[in-house]
Amino acid sequence: MTNSQEAKKQELPPTAWAVLGLLSFPGERTGYELKKWADSSLRFFYWSPAISQIYAELRRLEELGYAASVRSGPEEARAKRRYAITDAGRGALAGWAADTTEAGPPVLKHGLLLRIWLGHLAEPERLRAMVEEHLERTRGELASVREAMEHASGVPEWTFPTLALRWSERQHLAELELAEALLTDLDGLADTPQEQGRQAGGDAPTPG
């Protein structure tokens with residue numbers, strides 16, 4: 001590996017490792033197939049990169065020698081490029097996966113909670129409706145997680161992805177519990193001094 005390639009290896013973002021991780025399972029896949037798989041697995045506990053990001057990372061991984069691709073022949077109506085991990089890529093990925101110092105803390109960006117934080121600018125009925133919408137969406141996501149778990153069940157190569165999906169199932173169940181508790185909290189605000197002050201145009205509930 002050249003010095004330039006080594007530098008690029010050190011600069012690989014987590015998304016590149018995630019795409020390489022998708023390639024680490026048996027078989028060759030197109031960028032579109034990788035996107036579909038990310039949507040039915042990665043997004044439940046990490047995130048699903050856009051199709052443009054996937055192709056950008058595939059080009060980068062090929063440049064580093066971590067992935068290789070072949071173009072389909074004339075037997076297919078539309079030419080497709082299928083990607084596979086190389087031995088060098090598998091070795092690099094194994095090293096990255098074993099390096100716990102790179103994992104970092106989980107990052108929570110909860111759009112609903114940001115709006116709840118700004119609840120002094122919204123009507124209580126609207127806040128409650130947003131939480132109920134979040135509950136409905138989370139129930140749908142939980143159903144998708146369970147569908148993915150059922151699909152992966154019994155496949156030896158997917159043992160560890162199944163563990164990640166099982167964690168995601170618990171996380172969605174916890175999210176439902178938290179959202180239900182948030183509804184209870186909102187219902188209890190009507191008679192509090194903070195809510196009375198908000199309705200009367202009082203100061204913000206934080207100091208400073």
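Note that this is a predicted model, so its numbers are computed, not measured.

Colleague: Summarise helix H7 (residues 124-152); cite the residues concerned and give the values.
Modeller: With 29 residues, H7 extends 42 Å from end C-alpha to end C-alpha; this agrees with the ideal 42 Å at 1.5 Å per step. Turning to H7, its buried residues number three or more, namely Leu-127, Met-130, Val-131, His-134, Leu-135, Thr-138, Leu-142, Val-145, Ala-148, Met-149 and Ala-152. Packing partners of the buried residues in H7 comprise helix H6 (111-117) and helix H8 (159-187). A positive phi of about 85 degrees marks Gly-154, the residue just after H7.

Colleague: Explain the nonpolar core to me, and be specific about the residues and the numbers.
Modeller: Ranked by size, the top nonpolar core spans 25 residues in total, and within it Trp-17, Leu-20, Leu-23, Leu-34, Leu-58 and Tyr-66 carry the most contacts. When contributions to this core are tallied by element, the ones reaching two or more residues are helix H2 (14-23), helix H3 (31-39), helix H4 (51-64), strand E2 (81-85) and helix H5 (87-98). Core analysis: the next-biggest nonpolar cluster, separate from the first, contains 13 residues, Leu-127, Met-130, Ala-179 and Leu-182 among them.

Colleague: How would you explain the pattern of salt bridges if you had to name every residue and give the values?
Modeller: As enumerated under the stated definition, the model contains 10 salt bridges in all. In this structure, Arg-60 engages Glu-57 in a salt bridge whose closest nitrogen and oxygen atoms are separated by 2.8 Å. Placement of both Arg-60 and Glu-57 in helix H4 is noted, with a separation of 3 residues, approximately one turn of the helix. Since its relative accessible area comes to 30%, Arg-60 is described here as partly exposed. A salt bridge links Arg-139 to Glu-180, with the shortest nitrogen-to-oxygen separation between them at 3.4 Å. Taken together, the residues Arg-139 in helix H7 and Glu-180 in helix H8 connect sequence positions 41 residues apart. For Glu-180, a relative accessible area of 37% corresponds to the partly exposed category.

Colleague: Residue-level account of the packing of aromatic side chains, with values.
Modeller: For the structure on display, the rule yields 4 aromatic pairs. For the pair Trp-17 and Trp-96, a centre-to-centre distance of 5.4 Å together with 10 degrees between the ring planes defines the contact as stacked. Note that Trp-17 is positioned in helix H2 and Trp-96 in helix H5, a separation of 79 residues in sequence. Since its relative accessible area comes to 6%, Trp-17 is described here as buried.

Colleague: Tell me about the packing of H7 against H8, and please be specific about residues and values.
Modeller: Running from N to C, H7 and H8 point in directions that differ by 165 degrees, and their axes come no closer than 9 Å. The angle between H7 and H8 places the two elements in the roughly antiparallel class. Crossing of H7 against H8: the hand is left-handed. The class makeup of the residues in the contact of H7 with H8 is 15 nonpolar, 5 polar and 10 charged.

Colleague: Please provide a residue-by-residue account of a nonpolar patch on the surface, values included.
Modeller: Residues Phe-45, Tyr-46, Trp-47 and Trp-167 make up a contiguous nonpolar surface patch of roughly 430 Å² in combined accessible area. Topologically, Phe-45 is positioned in the loop between H3 and H4.

Colleague: Outline the environment of Thr-162, supporting the account with residue identities and numerical values.
Modeller: On the secondary structure map, Thr-162 appears in helix H8. The class for Thr-162 is buried, based on a relative accessible area of 12%.

Colleague: Explain the side chain of Glu-169 to me, using residue names and the numbers behind them.
Modeller: Locating Glu-169 in the fold gives a position in helix H8. Among the polar contacts made by the side chain of Glu-169, one reaches the side chain of Arg-146 at a distance of 2.7 Å. Not counting the four nearest positions on each side in its chain, Glu-169 is found in contact with Leu-142, Val-145, Arg-146 and Met-149.

What counts, and at which threshold
Within each chain, residue numbers correspond to sequence positions counted from 1 in written order. Local features in this predicted model are restricted to residues whose pLDDT is 70 or higher, and side-chain atom pairs enter the listing and the counts only when it is 80 or higher, whereas totals over whole chains, interfaces and linings include all residues. Only hydrogens and water are removed before side-chain values are computed, so all heavy atoms of the structure are retained for them. Helix and strand assignments follow DSSP, with helices taken as H or I runs no shorter than four residues and strands as E runs no shorter than two, numbered in order from the N terminus. Each residue after the first adds 1.5 Å to the expected span of a helix. Per-residue accessibility, obtained with a 1.4 Å probe over protein chains only, is compared with the maximum for each type, and a residue is labelled buried under 20%, exposed over 50%, and partly exposed between these values. Any two residues whose heavy atoms approach within 4.5 Å are treated as being in contact. Among the buried residues, those of types Ala, Val, Leu, Ile, Met, Phe, Trp, Tyr and Cys that are joined through side-chain atoms within 4.5 Å form a nonpolar core. When a carboxyl oxygen of Asp or Glu lies within 4 Å of a side-chain nitrogen of Lys or Arg, that pair is called a salt bridge. Pairing of aromatic rings covers Phe, Tyr and Trp, the last through its six-membered ring, and needs centres within 6.5 Å; plane angles under 30 degrees mean stacked, over 60 mean edge-to-face, and all others mean tilted. For helices, the fitted line uses only the C-alpha atoms of the stretch in contact; every axis is such a line through C-alpha atoms, and the angle between N-to-C directions lies from 0 to 180 degrees. When describing relative orientation, an angle under 35 degrees is termed roughly parallel and one over 145 degrees roughly antiparallel, while 65 to 115 degrees is termed roughly perpendicular and anything else oblique. Left-handed describes a crossing in which the near helix is turned anticlockwise from the far one by less than a right angle; the clockwise case is right-handed. Under the scheme applied here, ten amino acids are nonpolar (Ala, Val, Leu, Ile, Met, Phe, Trp, Tyr, Cys and Pro), four are charged (Asp, Glu, Lys and Arg), and all others, including Gly, are polar. The patches reported here contain residues having more than 30% relative accessible area and no salt bridge. Joining distances are 9 Å for like charges and 5 Å for nonpolar side chains (Val, Leu, Ile, Met, Phe, Trp, Tyr). Every accessible area reported is derived by Shrake-Rupley at a probe size of 1.4 Å, with residue values counting cover from the shown protein chains alone. Polar contacts here mean pairs of N or O atoms no more than 3.5 Å apart (in protein, one a potential hydrogen donor and the other a potential acceptor; neighbouring residues in sequence count only if both atoms are side-chain atoms).

Structural measurements only, silent on function.
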